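Here is how the chains run, residue by residue.
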Amino acid sequence: MKAIAIHRYGGPDVVEYTDLPDPKVGPDSVLVQVRAAGVNPVDWKVREGRLDGLLDAHFPLVMGWDAAGVVRAVGGGVTEFAPGDEVYGYVRKDAVEHGTYAELVAAPVRTLARKPAALDWAQAGGLPLAGLTALQALRAVGAGPGDTVLVHAAAGGVGHLAVQLARAFGARVIGTAGERNHDYLRSLGAEPVRHGEGLADRVRALAPRGVDAAVDLVGGEAVEVSAGLVADPARIASVADFGVRARGGRYVWVRPDAAGLAELAALADDGRLTVTVASTFPLAQAASAQALSAEGRTRGKIVLLVD
């Protein structure tokens, strides 16, 4: 199969478009022919070795944890899926080696759900990691009807999904973003505020008593601002800053969750969740896609398309 692999940690120059053996399919896994693979910041952080202290890595290492595609074969113990099924998933395993930047991936059934029919391949490929991150962060803060939820970096890959999910759960959403993204956030149902100095005052202009919960997707000052706006620190969650724990909040490291993927798919098929795809790249141009992701200014998702 064709795949994007690295043989050592490093910058974009270590990325190779190469031939690798087809994956072996274990008893509780399925072989997926990948049609689209989402690009996430964690991918280029893996490439640079930033997660080496957390996850075992084996080279050659195929990057990527998001995939949408078609089941081509199933393991001996699999009853959930059959060849020909369209699926999508957050295919994170215990070690980093056999990722989704490839024509084929062996995916444990615990990481998969049926692809949302309402989404095209690129949208489905961009949804799993970001969608589950948003869902699990909102669950961590108990977002629900009547709440006012502050979402930091609300126009980004995770943020634009968190806005829609919070709205689907019945919450009012205030979202931070640069002014160029304010109309976009309004189209998703959020009330936009400019990030940066004076953010707390701008939020209080919209919510004088503060907010009920906050989801931080950027780290640093966002956690501090959230702590001054949320009465109960347990209702602050961050996916970017371990320091949130010292303030009584929750740090969220997204977990594979088939039930969560099915919930996201149902919301998409019901018309309450969509995925903004900012850019697509062919698989061979994964290094360029990662470079764009590293700039940190993308509205929505970046996705690799696999022929």
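Provided above is the structure to which this section pertains.
Residues numbered from 1 in each chain as written. Predicted model: local features only at pLDDT ≥ 70, side-chain atom pairs only at ≥ 80, totals over all residues. Heavy atoms only, no water.

Asks: Got a minute to help me understand helix α4 (residues 159–168) in this structure?
Replies: For an α-helix, the turn length of 3.6 residues means that residues three or four places apart are oriented alike. Counting buried positions over the ten residues of α4 gives eight, a clear majority of the element. If you check which residues of α4 are buried, you get Gly-159, His-160, Leu-161, Ala-162, Val-163, Gln-164, Leu-165 and Ala-166. The secondary structure elements touched by the buried residues of α4 are α3 (128–140), β10 (148–151), β11 (172–177), α5 (182–188), α8 (258–269) and β17 (301–305). Looking one or two residues past α4, Gly-170 carries a phi angle of roughly 95°, positive in sign. (Buried < 20%, exposed > 50% of the residue type's maximum accessible area, 1.4 Å probe, protein only. Helix = DSSP H or I, 4+ residues; strand = E, 2+ residues; numbered from the N terminus. Contact = heavy atoms within 4.5 Å.)

Asks: How do you make sense of the sheet that holds strand β7 (residues 95–98) when you look at a structure like this?
Replies: Pairing between the strands of a sheet comes from backbone hydrogen bonds, and it takes one of two forms, parallel or antiparallel. The mixed open sheet is built from four strands, whose spatial order is β2-β1-β4-β7. Across the chains shown, the open sheet's two edge strands, defined by having one partner strand only, are β2 (16–19) and β7. Within the sheet, the average angular offset between the axes of one strand and its neighbour, ignoring direction, is 40°. (Pairing = 2+ DSSP bridges. Axes fitted to C-alpha atoms, helices over the stretch in contact; angles between N-to-C directions.)

Asks: Just to check I follow, could you spell out the pattern of salt bridges for this structure?
Replies: A pair can form between side chains of opposite charge whenever their charged atoms are brought close. All told, the structure shown has twelve salt bridges when counted by the stated rule. Lys-2 serves as the salt-bridge partner of Asp-19, at 3.3 Å between the closest nitrogen and oxygen. Residue Asp-19 is found in strand β2, and its partner Lys-2 is found in strand β1 (residues 2–6); the two are separated by 17 residues along the sequence. Classification of Asp-19 as exposed rests on a relative accessible area of 52%. With relative accessibility at 27%, the residue Lys-2 sits in the partly exposed group. Between Arg-272 and Asp-270 there is a salt bridge whose closest N-O contact spans 3.0 Å. With relative accessibility at 42%, the residue Arg-272 sits in the partly exposed group. (Salt bridge = Lys/Arg side-chain N within 4 Å of Asp/Glu carboxyl O.)

Asks: What should I look at first to understand the packing of aromatic side chains in this one?
Replies: Geometry of an aromatic ring pair is reported as the spacing of the ring centres plus the angle between the planes. Enumeration over the complete set of coordinates arrives at three aromatic pairs. Taking 5.3 Å as the distance between ring centres and 80° as the angle between the ring planes, the aromatic pair formed by Tyr-9 and Phe-59 counts as edge-to-face. On the criterion of sequence distance, the pair formed by Tyr-9 in the loop between β1 and β2 and Phe-59 in strand β4 (residues 56–62) is long-range, its members being 50 residues apart. Given a relative accessible area of 35%, Phe-59 falls into the partly exposed group. With a centroid separation of 6.1 Å and an interplanar angle of 70°, the aromatic rings of Trp-65 and Tyr-90 are classed as edge-to-face. Residue Trp-65 is located in the loop between β4 and β5 (66–74), and its partner Tyr-90 is located in strand β6 (residues 86–90); the two are separated by 25 residues in the primary sequence. We note Lys-45 situated over the ring of Trp-44; from NZ or CZ to the ring centre the distance is 5.7 Å. Stacked on the ring of Trp-121, the Lys or Arg Lys-115 has its end atom at 5.2 Å from the ring centre. (Phe/Tyr/Trp six-rings, centres within 6.5 Å; stacked < 30°, edge-to-face > 60°. Lys NZ or Arg CZ within 6 Å of the ring centre and 35° of its normal.)

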